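Below are the chains, spelled out letter by letter.
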Amino acid sequence: MKRTTPVVPAEDIRRQMGYCDELRALNARRPVPPLAWVDTYGCQQNEADSELLRGMLCEMGYQISDTEQGADVIVINTCAIREHAEQRVFGNVGALVHGKRRHPDQIVCLCGCMAQEPHVADRLRQSYRHVDLVFGPQALWRFPELLRRVYLRRGRVFETEPSDGAIAEGLPVRRSGKLKAWVSIMYGCNNFCSYCIVPYVRGRERSREPEIVLSEIRALVEQGYKDITLLGQNVNSYGKDLEGEMDFPALLERADAIPGDFLLRFMTSHPKDATEKLFDVMARCQKVAPCLHLPFQSGNTRVLAAMNRRYTREGYLEKVHALRQRIPDIVLTSDVIVGFPGETTQEFEDTLSLIEAVRFDALFTFIYSPRKGTPAAELPDPMPKQEKSANFERMVAVQDRISLEKHRAYIGSVQRCLIDGTAQGPDGGLTARTPGNRLVHLSGAPALIGQFAPVRITGCSTWALSGELAR
Ligand code: SAH
Ligand code: SF4
Ligand code: F3S
């Protein structure tokens, strides 16, 4: 298939696998197998990347540990989306210096989106000298080569040059779950929303070949996975760099045709590219879960234009209407930013009224955080912090009320849920997910985990439903 974006040649991947073999042989000489710990911040894309990092570490002869205690290799896979996320990483990476003093052979790696920010790389170079290896998301597939360099020469390695990125196939993966799996269908972002760092750190949009994606899904279903989420920063751009008719709705329809009892989810959808064709396919496909995450960011058209979102308030509402005409009980979730530079409280009222008009099932709410290098960070931002926080609190209260009302409407209904685990906390019990991905608590035997079962909903809170097996 012809494409306009680059693919890493198979021989380059083979070379990386060769470095894995070499390190595995070195590690095999140790008295006990060395341990590696991968800590992940940020979005599902990063979770999926960490599964590749763990896959490569296993090939290099490391055992995966779930704690930093005693780890020979530590990998911190970071997120740059907001200031708070970065501060947490710097705090936690700083604290690793003590462990490294006790264990001087330990290798500390920092990768992911923060690594690709020049000011972060500089700060790590100067003030975090216990960090041995720093590499950005576009260099992920070269992790074996980079780790080997540190391992053999004990010098620091920084692989943080800006890069548009390429598709790397055939890397080993070690998945964290047995029921739920992530499948990246594309990488990068071309949208350049004015507040967002992602296009600068994740490179240009590039799609995986549909046949490779579909065979990965097929293999997951054969292995017993029941809940598969297709990932991309804007899945609706899928296939734009591939020749032929392949777009996201077409890919979804082909994934739906794979035999087996499983659910397909996807995220994220940019509203400007969410088409009626997509909604038609969602309505028609049995395995596509009845939920959509459709970030609106603001309910005010002037603010949306300043954000470079390329849709209006009315355009967004029309999309929601078109979707609900086809799938009336769709579970709708969204992201919203409060306090974008120059947003007035009056403009913020439009965000509140959009929330009331749409009645989302759940919202991911953020206070604007300036990101160095993005256009919004240069805009005047006169609103005091307290006013932004007050607006934020008002918005959260509105959504909490709506979430609770929406959850109450489930009471008495029977939902076909995937029983997916045991609950944490003193009460124990099982957890399950409705087809629309709402969390359900119920009691039952752990042997049920992994099954779809009818659950009668008997109670709820703002955050979750509770119920009992209905058979
Ligand atoms: N690609 C996805 C979003 C990825 S980031 C999309 O376009 O929908 C997840 C969310 O973080 C965004 O939807 C936005 O609401 C929020 N976000 C991104 N940059 C931000 C910033 N600088 N400050 C506050 N929130 C931000
Ligand atoms: Fe960021 Fe916008 Fe791209 Fe989403 S679509 S990752 S918000 S630039
Ligand atoms: Fe964060 Fe990078 Fe994801 S900035 S939200 S980990 S794409």
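Asks: Give a description of the domain arrangement of the protein chain that names residues and reports values.
Replies: For the protein chain, the assigned domains read domain 1 (10-159), domain 2 (290-406) and domain 3 (414-469). Its C-alpha centre places domain 1 at a distance of 36 Å from the equivalent point of domain 2. Tallying the contact residues gives seven residues for domain 1 and six residues for domain 2. For the pair domain 1 and domain 2, the two sides together bury roughly 500 Å², of which 44% comes from carbon and sulfur.

Asks: Give me the site of ligand 3: which residues, what numbers.
Replies: The full set of residues close to ligand 3 is C43, N46, C79, A80, I81, C113, R202 and Q233. Partitioning the shell around ligand 3 into residue classes produces five nonpolar, two polar and one charged.

Asks: Could you give me a rundown of the packing of helix α9 (residues 276-284) against helix α11 (residues 313-326), with the residues and numbers involved?
Replies: Their axes nearest at 9 Å, the elements α9 and α11 cross at an angle of 25°. Classified by the angle their axes make, α9 and α11 are roughly parallel. Where α9 crosses over α11, the handedness of that crossing is right-handed. Together, E276, F279, D280 and A283 of α9 and K319, A322, L323 and R326 of α11 make up the contact between the two elements. Here the contact of α9 with α11 is composed, by residue class, of four nonpolar, no polar and four charged.

Asks: Break down the side chain of S237 for me, citing the residues and quoting the values.
Replies: Tracing the backbone through its elements, the reader meets S237 in the loop between β10 (227-231) and α8 (248-256). What makes S237 buried here is its relative accessible area of 3%. Side-chain polar atoms of S237 contact the side chain of N234, separated by 2.9 Å. Other than its neighbours up to four places away in sequence, S237 contacts M186, E205, S207 and D273.

The rules we used
Residues numbered from 1 in each chain as written. Chains lettered and ligands numbered in written order. Predicted model: local features only at pLDDT ≥ 70, side-chain atom pairs only at ≥ 80, totals over all residues. Heavy atoms only, no water. Domains from an automatic or database assignment. Contact = heavy atoms within 4.5 Å. Buried area = accessible area lost by both parts, 1.4 Å probe. Near = heavy atom within 4 Å. Nonpolar A, V, L, I, M, F, W, Y, C, P; charged D, E, K, R; others polar. Axes fitted to C-alpha atoms, helices over the stretch in contact; angles between N-to-C directions. Helix = DSSP H or I, 4+ residues; strand = E, 2+ residues; numbered from the N terminus. Parallel < 35°, antiparallel > 145°, perpendicular 65-115°, else oblique. Left-handed = near helix turned anticlockwise from the far one by under 90°. Buried < 20%, exposed > 50% of the residue type's maximum accessible area, 1.4 Å probe, protein only. Polar contact = N/O pair within 3.5 Å; in protein donor to acceptor, adjacent residues only side chain to side chain.

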